[in-house]
Structure formats: structure tokens, C-alpha cells
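Single-letter residue listing:
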2 protein chains.
Amino acid sequence: MANQKPSIPKGTRDFGPTEMARRNYIFNTIRQVYALYGYRQIETPSMELLGTLMGKYGEEGDKLLFKVLNSGDFTRPVSTQDYEDHDAPWLSARFCEKGLRYDLTVPFARYVVQHRDELSLPFKRFQIQPVWRADRPQKGRYREFYQCDADVVGSDSLLNEVELLEIVDEVYRRLGVRVGIKVNNRKILSGIAEVIGATDRIVELTVAIDKLDKIGLDGVNACLLADGFTPGQVEKLQPIISLSGSLEEKLATMRQVLSQSETGLLGCREVETVLTAYRGHAAAELDLTLARGLNYYTGCIFEVKALDVAIGSINGGGRYDNLTGIFGLPGLSGVGISFGADRIYDVLDQLGLFPDETAAGARLLFINFGEREADYCLRQARLTRQAGIPTEVYPDPAKMKKQMQYANALHVPYVALCGEQEMQEGLIALKDMATGEQQKLTVEEVIARLKG
Amino acid sequence: MANQKPSIPKGTRDFGPTEMARRNYIFNTIRQVYALYGYRQIETPSMELLGTLMGKYGEEGDKLLFKVLNSGDFTRPVSTQDYEDHDAPWLSARFCEKGLRYDLTVPFARYVVQHRDELSLPFKRFQIQPVWRADRPQKGRYREFYQCDADVVGSDSLLNEVELLEIVDEVYRRLGVRVGIKVNNRKILSGIAEVIGATDRIVELTVAIDKLDKIGLDGVNACLLADGFTPGQVEKLQPIISLSGSLEEKLATMRQVLSQSETGLLGCREVETVLTAYRGHAAAELDLTLARGLNYYTGCIFEVKALDVAIGSINGGGRYDNLTGIFGLPGLSGVGISFGADRIYDVLDQLGLFPDETAAGARLLFINFGEREADYCLRQARLTRQAGIPTEVYPDPAKMKKQMQYANALHVPYVALCGEQEMQEGLIALKDMATGEQQKLTVEEVIARLKG
């Protein structure tokens, strides 16, 4: 046992001090911007009743739920005969009544319905909590990871979409990440499918159009024909596949193509309203190939990509109607966004965008030369801490070399040395760890230096 | 279904916006003070391998662990015969390899051992995460609750104890809660048991002494005799039961009683060192009846009580030797504290100590009079948000009354009304919701007012 290191479940992670400081930097940035727009934080339990979770994420999702074994004699409802006769899903439903949260959206819908009498609509909430999925772990995919969601329910206004785009823009502006925002609308996609008479084939359509950059217009057309679209349908799609130009030009083309679809035209109007009102720094543009979560979203859809790192979408969102209907409260429309903290972490890491402070623990370490000196240091440390400077006093009178190694390992920028002489003079010998420079200062001077 | 509200597992809770803001106020205060003392945050996975958790919390603790069902066909290792032959604990060990974190201490010990090659000792970490226990839910006891722990491992110095007491003091000073800190030392208790020849009866001893205030010296003596202590033992305990006076006086008495116990005298010296060096605002005093976690702690023990609310201990901690030994890394001593966030919440709530800001979402709400006005508001809101003022624009052009009700329900202190006239003048009519006063201002003036 002594030689076998303990470990953690596969797909889970420990976050050490530096990683945590960096993750907190991301979470705090998102939290601050959400709050600036009046979104208010809630938290829901890690465990939900399985009745709340099951059937909400498709058949595959049900399999990926972590189920929690009932306490006490969980076997009671299942006889030996039952055990012999039934399969794992059947049995798990008898052994377990709770499961771990799979996302933040379903618990939010449950929350809204359960607390509807206490809520003032529209309800703007954000939520930053871990979720769990029994996915096969692989690079960048974990079984426990954080989601950072903001949603508003109970308002149909497109102002919400505009503000969510501005939130996205502001978060990445603060993080220093250049992003592009892609916007689409489920109603436009429905309209296209409608006018070519292929309402059930939106996905194949967008997948094919998405290949334009790689295989060119002829390639896309070939694909569509191979997928079984008729030459007539492909003909009608030509203006859409090669859609380009300014927003006005794109919309003009789209409105021509969609002139026979009321839904499609409504989608165009929604996109126009949102993109005209949006005034962020990052470019936001209509992209017809964007088709995320089709079964889920009903209006605007958006997705964010980092411009300087090839890492896929780091942000997504959209409008969904009737989210709370599954819990018996129909008629509430919602729109939301979700930040992927892990991917944002990787982007900031790759671009070297984490601020220096995020690496730091204490800013000042008092070296411990012995009992009397430590008492002197403790008194000085009280003053630097009162001034808000994170300070450590090395607890043991260890060898100087060991204490300096500790300071180096923790990237403490300043070290205080207080020996016999400094104690007599009432001073602190302050060493700048970057330059190696050392200077005798009063504690007030030390505070001024470290705060400056 | 439509009439049946969804619910959550018993013993768990939703935290709405106001509760969350208040909880964050507590967590942030604790976090800031921990950081000021150089403690660095880590997080560990919610799920640990059952091998890490089982056997660490006693037999009762094992029963209270939430176990997570293995994914896929969890029944594979258990034949029908096995199912018939074995009880729930045996079966659960086959069906489940993971469990939910029961506290933060064992995962921390696991973390230290697993990452020992990356850590610089002493390692000062704090951790604020939920834990789960399948306890019978009751008032004030939940199945999911947060712990806020700070521990340092790899240093025997009593300076750590001093700093932890100062951290406790500083957190409650910031929260505005008057507290008393009780300090004891496991070695003193061992010493007492040693000198009266009853090394296995420390608990009965402290329980009896603890009753002094209620039943007087004669009562305590009667209790001890009834518990089977001999008249000779009770005689020897007299100076301890009625221990009083200053720290010096108490220690002088203790040293006399413990003169034959090396361990006891060492405990006295430790208490003296810690309490002499401690210079917090809250009184910290030696209390021999304090005997928390006896099987666990080996040196200093402390406990904190709120002076103005009768609610029991809101904080505890102490030194333990060899915590990491269970994971194959012996010889590391540690000392730590834990804040009970739920109890602190109740204390602040009962004493009315939550700052006003913790009730608030947005500070400013723009009333929505229609599309054109909303566009104007959105532009003004960009400026107030840039100035750091949490701002909402009501998304729908709903009835004025409804919008004002929303502002009231969310305790938004200021409402902005921008109609035709304000738009022409480029002004904002700002209404102070507390006084009802209304004034036309430029957006710069609004910002100055709300920031002031």
C-alpha cells in the first residue's frame, strides 16, 4: 500500500492552486458580467430525482446519467427472481431514485416550475456548477465539468438575445480573447426546408452547405444530389449556398428565397432586429450553416469561436420555447447562453492570456529565523495583511535554503528577512525575488512598495 | 402531471438569488481571509473511488456514504446466486466503485499523497466545496452542504495554530459576529487521564466536567462517582473541575496536577505558546471541557461559538498527526479549521448582519416603453454598465404597473424612465424607489448618483 499512490475516478480531475486561481479568474469574469446585466445566481442540488432527469436528454443521455444508489437496504424492491429476469436499466430504476445533474438547463426548468409562485417574471438567472456525464473519457472530455449558464425565461423580447450577445462580447473582451459570433435562426432553417419541400432534412442541408469552403459550390451540389435531394431542390438552394455580402445583402437574398414561407421571413426579421441592435466589439454575423441543437432551439441560435486558436465552439446558446412544459408549466419561452470553462481555459492557456496574479499565492513571505524573530515577523505580517497584502510567515525555523526554495516554488515575489539587527532597528529587509535586490524598509514602506 | 410540482431529493436544497448572494458573501469573506494568510485554493472531484472513502469515517460513516452506480451493465460481477446470498453492503461494493465526497479532509489527504512530488511543503490549502451524507434529514442537517476548510500539512510549528485562530478571528470580525474561541489540547486531556489512571475514559471525564455550570461542583462529583470513577480519582480531579482564573493561573494549576505526565505538561506548553502569541479581537481561552474529535486530533483543538446567538459551534479545528498515513505517506502532521457555512448563515440571518448589497440584483432598471425607447435605453444601459453599475432593461414593453412590480420584487433601488421627451432632451428620468423622488439627469449624473 505504501508504494501505491491513491487515485481518482477516470474522467475526473484535481485542480491544484494555480489551476484553481486561473479557473476562478474565468468564473469571476463571467460572474461579474452576468451580474452587470442583472442576471442573478442560483444553485440547485447536485442530485436530482431520476424522474426529473430521465427522458430529457434522449436515449443516449439516459445512459450517461450517473445514478446514486439508494441508502440502506437498496435491494428490498428487487427479488432474486426480479434480478434474474431484468436488465441493468430496469434494475437501476429500482436501486436508485436519484441521479447527478447532467446539465444546468433541466434543473433550471425544474427550479422555475417548482418555485413559480416566488419568481418575478422575466426571471434572469445564472448558474455556475459542475455537471456529470458517464461519457467515455478522452482528451478534453471529462466526466465532471463546470457549466456557466445564463438564461432568461418569461420574455419573448429579442432584447434578451441582444443583451446575451453583448454579454458574450464583454466576457471575451475582458479575457482578452478575439472571438467571432455566428448567428442563425431556427425559423430560417425551417423556412428553407419548407420552400424546397424537405422539412425533415434540415441537418443534411446544413452539413452540406457547411462544406462550401472546403469543396466549393460544385462539390456541395454534388453532395446534395448524392444525399438524394432533387436537381430542382438543389437549384432552389443555389442563392443560399453561395450566400455572401453584407447583412443587408444576405437578408435581401434570403427574403427572396423565403418569400413563400411566413416562418422563414419571421426568422429573417428576428436576425435583422438582433444583429442591428447588437453593438459589441466582436463581429456577429449571420451564418446559415449554424444548426446547433435543432431539436431544442426554436428561434435565434448563436455560437462563438476564438479567432486565434483552432478549438471549435467555446460558447453557444439560443432560444427555446416551452422548456418548462415538460414539468407541467407550458407557455414560457426562454433564451440562454453557456460558457464552456474548460475550453476557455485552454484558449487562455495557449494564448498566454492569464494575468500574472492568477499564478500567485502570497505576495510576501517572512523568513523564519527562530522563535523570537518569528514573533516579530508575525507582528509585521499582521500589518501587511491589514493593508490587504497576502502574506505568509514561514512556520518553521528551517534552513534558509529550504525557505527560499519554498518562496521560489510558490512564485512569491517578495521575501522579508528579519534578523537580530532588523528587529533592533524596527525594520524589514525586503528582497525582490525577480531582481535579487535587497533593501531595509519600514513596514509602511514595504506596504507602499507592494501595493504600488 | 401538469398539477404536480416537481421536487428535489429530501435533504437537498435550491438556493435562490437572495440566498445565493448571501452565501457568496460568506464564502467570499472566508476565501479572502484564507488568501490573505497565503492559503491557496484547490478543488477535488465530487466522486472519489470507494477505496479512498470506505473505512475512513467509522462504521457509521461508511453507511452514510452516497455510492454511485457503475455505468453500463453494473450487474455483471454479481450472479443471481450472489444476489440471493449477500447483503446490501456486499452488493453495493460490487455495483459501485465510486462514492460522493463525505468531507474535505480525506480527499485532501488523498490529494497530498497523490501529488506529493509536485507540492512544496508546508502545503497550505483551502477548499470550499459541497459534501454529501446520507444522514436522516432534519432541521439544520442536510444531505448536501458546503464545507470551507483550511489546512496546512508538513509543519509542526505552533505558528500555524496561531495563524488559524487569527483567521477565524478576522473572518468573524469582517462578518460582524461576536465570537468566543475555546482552546484545548488533546495532550492535556491525555495527561489528566494518565495521572488519575483512567486513560480510556477521557470522554466521560470531559462530559461530566462540562456540566459544572448547570449542576455545580457537587453534582459533577456525584456524576463522576456514578460513572464508576473512584473517590480517589474524583479527589484528584477537584482542581481541574473548578479550574478558573487567568490563563496563567489556570496553567499553574494544570501544571501542578499534571506534574507527573510528560504529555500533559507538553500540552500545557503548547496551549501557553498559542494563546500568548494569539492577538485577535475575540477572546480565546483554555477550556478543558472541549473534547471534539478525540480519535482524530492529537494536539491543539479549537471551537468557536457565536456570543449573541444560541446555535452551538460554528467553527472547529485542530491538529492531527499522520493524516496521510492511511494513504501510505506517514510522518506528515497537519492542522486545520472548518467553517460551517449553514450555521454562519443562520447566525447572520438572526442577527440581521447581511449587508444590503447582498439582497440586490441590478441597481438600475430601465422601463421599456416600446421599441424605439428600448433602443435608447439599451444605449444608456451600455454606459451605466461600463461604469460598473448592474443594470437591466426590462425586455418587453409591458404595462408600466407590471414593470414597477418587477422592480419592487427585485428590490431594484433606482428605475429609469425614458419616454419621448427624455429621448429628445437626451436625458433620463431617474426615480429613487425608496423616496419616490424623480429627477431628470444626464447619464453621467445618473452614474455619479448610483456610484456615490
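So, here is what we can say about the structure in this document.

The rules behind the values
- Residues numbered from 1 in each chain as written.
- Chains lettered and ligands numbered in written order.
- Predicted model: local features only at pLDDT ≥ 70, side-chain atom pairs only at ≥ 80, totals over all residues.
- Heavy atoms only, no water.
- Helix = DSSP H or I, 4+ residues; strand = E, 2+ residues; numbered from the N terminus.
- Rg over C-alpha atoms; globule rule 2.2 N^0.38 Å.
- Buried < 20%, exposed > 50% of the residue type's maximum accessible area, 1.4 Å probe, protein only.
- Contact = heavy atoms within 4.5 Å.
- Areas by Shrake-Rupley, 256 points an atom, 1.4 Å probe, with all protein chains shown as cover.
- Lys, Arg positive; Asp, Glu negative; His and termini not counted.
- Charge placed at Lys NZ, Arg CZ, Asp CG, Glu CD.
- Pairing = 2+ DSSP bridges.
- Least-squares fit on C-alpha atoms with pLDDT ≥ 70 in both.
- 1 Å grid on protein atoms, 1.4 Å probe; cavity = no way out; pocket = protein on both sides within 12 Å on 5 of 7 lines; lining within 4 Å.
- Points joined across faces, edges and corners; volume = space filled by probe spheres on them.
- Nonpolar A, V, L, I, M, F, W, Y, C, P; charged D, E, K, R; others polar.

Here the focus is the overall build of chain A. Counting its secondary structure elements, chain A contains 18 helices and 16 strands. Against the globule reference of 22 Å for 452 residues, chain A gives a C-alpha radius of gyration of 29 Å, more extended than a compact globule. Counting only residues that meet the buried cut, chain A has 58% of its 452 residues in that class. Here the contacts in chain A between residues at least 6 apart in sequence split such that 67% fall between residues at least 24 apart. Element-wise, carbon and sulfur atoms account for 48% of the exposed surface of chain A, whose accessible area totals about 19,000 Å². Counting 53 positive and 61 negative side-chain charges, chain A places the averaged centre of each group 3 Å from the other.

All names here are of chain B. The sheet contact formed by strand S15 (residues 428-432) and strand S16 (residues 438-441) spans four bridges and is antiparallel. Paired with leucine 430 across the bridge in S16 is glutamine 439. Between S15 and S16, which follow one another and run antiparallel, lie five residues, and glycine 436 among them has a positive phi close to 80 degrees.

Turning our eyes to something else, we now look at the relation of the copies chain A and chain B. Rotating chain A by 180 degrees about the axis while translating it 0.0 Å along that axis superimposes it on chain B, leaving an RMSD of 0.0 Å. Interpreted geometrically, this transformation is the action of a two-fold axis. The rotation axis passes nearest to the C-alpha of valine 68 of chain A in chain A, at a distance of 2.2 Å. An overlap of 100% is found between the interface residues of chain A and their copies at the interface of chain B, pointing to a shared contact surface.

Considering all chains together, one arrives at two cavities of 30 Å³ or more under this definition. In this structure, the largest cavity occupies an estimated 70 Å³ of space. Around the largest cavity sit Glu43, Thr44, Pro45, Ser46, Arg101, Gln129 and Pro130 of chain A together with Arg13, Phe15, Pro130, Glu144 and Tyr146 of chain B, which together line it. Of all elements in the fold, only strand S5 (123-132) of chain A together with strand S6 (144-153) of chain B reach the threshold of two or more residues within the lining of the largest cavity. Partitioned by chemical class, the residues of the lining of the largest cavity number five nonpolar, three polar and four charged. Its boundaries defined by the atoms lining it, the second largest cavity holds a volume of some 30 Å³. Lining the second largest cavity we find Arg13, Phe15, Arg23, Glu144, Phe145 and Tyr146 of chain B. With three residues, the single largest contributor to the lining of the second largest cavity is S6 of chain B. Among the residues making up the lining of the second largest cavity, the classes are represented as three nonpolar, no polar and three charged.

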